[in-house]
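The lines below spell out each chain.
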Amino acid sequence: GSGDAEEGPIEIRRGDHAIRWIAADPERRGCRFAVSMAPSSEDPVPVIRATVGGGIDRGTVQPHTFDALDVRGTVFATVASDCDWALVLERIPHREPDASATPTP
C-alpha cells in the first residue's frame, strides 16, 4: 500500500501471530511508517513506529510483543504512513516441545 489504511477485524490469539513489514520512500527523502492495533472498543496501541530514510526499512514484530502489549482477540489495524509499504500478519504454528531434546535425569 501507500498512505494510510485501516484493516480488520483480525483475530489475534496469545503467542501465535507476528507482523512482517517493509517500507520505502519512493522520493528517497524520508518518510514515516506507523501501525497501531486496537480491539474494537479500546484505544489503539502503537505496535510499529519507524522513520524510513532514503533506502528500504523492514522489520518483524514477534508474537511475544502482542502478549506484552495485551493486543489480543478481535483487533483492527491502522497504518499511518507517507511511505510505500507492505505488511503481513502471519499466524505462527504452535510447536510442541521436542521431548528428545530434554535431558533425562
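Cut-off values and rules
Residue numbers restart at each chain and count upward from 1, following the sequence in its written direction. Local features are withheld for residues below a pLDDT of 70 in this predicted model, meaning they are given only at 70 or higher, and side-chain atom pairs are given and counted only at 80 or more; totals for whole chains, interfaces and linings count all residues. Side-chain numbers here rest on the full set of heavy atoms in the structure, without hydrogens or water. Nine residue types can take part in a nonpolar core, namely buried Ala, Val, Leu, Ile, Met, Phe, Trp, Tyr and Cys, and a core is a set of them joined through side-chain atoms within 4.5 Å. Buried residues are those whose accessible area, probed at 1.4 Å on protein chains only, stays under 20% of the maximum for their type, while exposed residues exceed 50% and partly exposed ones sit between those limits. Numbering goes from the N terminus for both helices and strands, where a helix is a DSSP run of H or I of at least four residues and a strand is a run of E of at least two. Any pair of residues with heavy atoms lying within 4.5 Å of one another is described as a contacting pair. Whenever a pair of cysteine sulfur atoms sits within 2.5 Å, that pair is classed as a disulfide. We call two strands paired when DSSP finds no fewer than two bridges between them. For every element, the axis is a line fit to its C-alpha atoms; helices are fit only across the contacting stretch, and the angle between N-to-C directions ranges from 0 to 180 degrees.

Participant: Please clarify how the nonpolar core should be interpreted in this entry.
Facilitator: One broad rule of soluble globular proteins: the nonpolar side chains tend to lie buried together. With 21 residues, the main nonpolar core has Ile-19, Ala-23, Phe-33, Met-37, Ile-48 and Phe-66 as its most contacted residues. Contributions of two or more residues to this core are made by strand S1 (5-12), strand S2 (17-24), strand S3 (31-39), strand S4 (45-52) and strand S6 (73-81). Excluding anything up to four places from it in sequence, Ile-19 contacts Met-37, Val-47, Ile-48, Gly-59, Thr-60, Val-61, Phe-66, Leu-87, Val-88 and Leu-89.

Participant: What is the right way to look at the state of the cysteines in this model?
Facilitator: This model, assessed by the stated rule, comprises 1 disulfide. Between the sulfur atoms of Cys-31 and its disulfide partner Cys-83 the distance amounts to 2.0 Å. Because the torsion about its S-S bond is 105°, the bridge between Cys-31 and Cys-83 counts as right-handed. Placement of Cys-31 in strand S3 and of Cys-83 in the loop between S6 and strand S7 (84-91) is noted, with a sequence separation of 52 residues between them.

Participant: Explanation requested: the sheet that holds S1 in the structure shown.
Facilitator: Strands belonging to one sheet form pairs held by backbone hydrogen bonds; the direction of such a pair is parallel or antiparallel. Taken in spatial order, the 4 strands line up as S1-S6-S3-S4 in an open sheet, and their pairing is antiparallel. Either end of the sheet is taken by a strand with one partner, and the two such strands are S1 and S4. If you compare each strand with its neighbour and ignore which way they point, the axes differ by 15° on average. As paired strands, S1 and S6 are joined by 6 bridges and run antiparallel to one another. When the sheet's bridge partners are listed, Ile-10 is paired in S6 with Val-75.

Interpretation in functional terms is not warranted from these geometric data alone.
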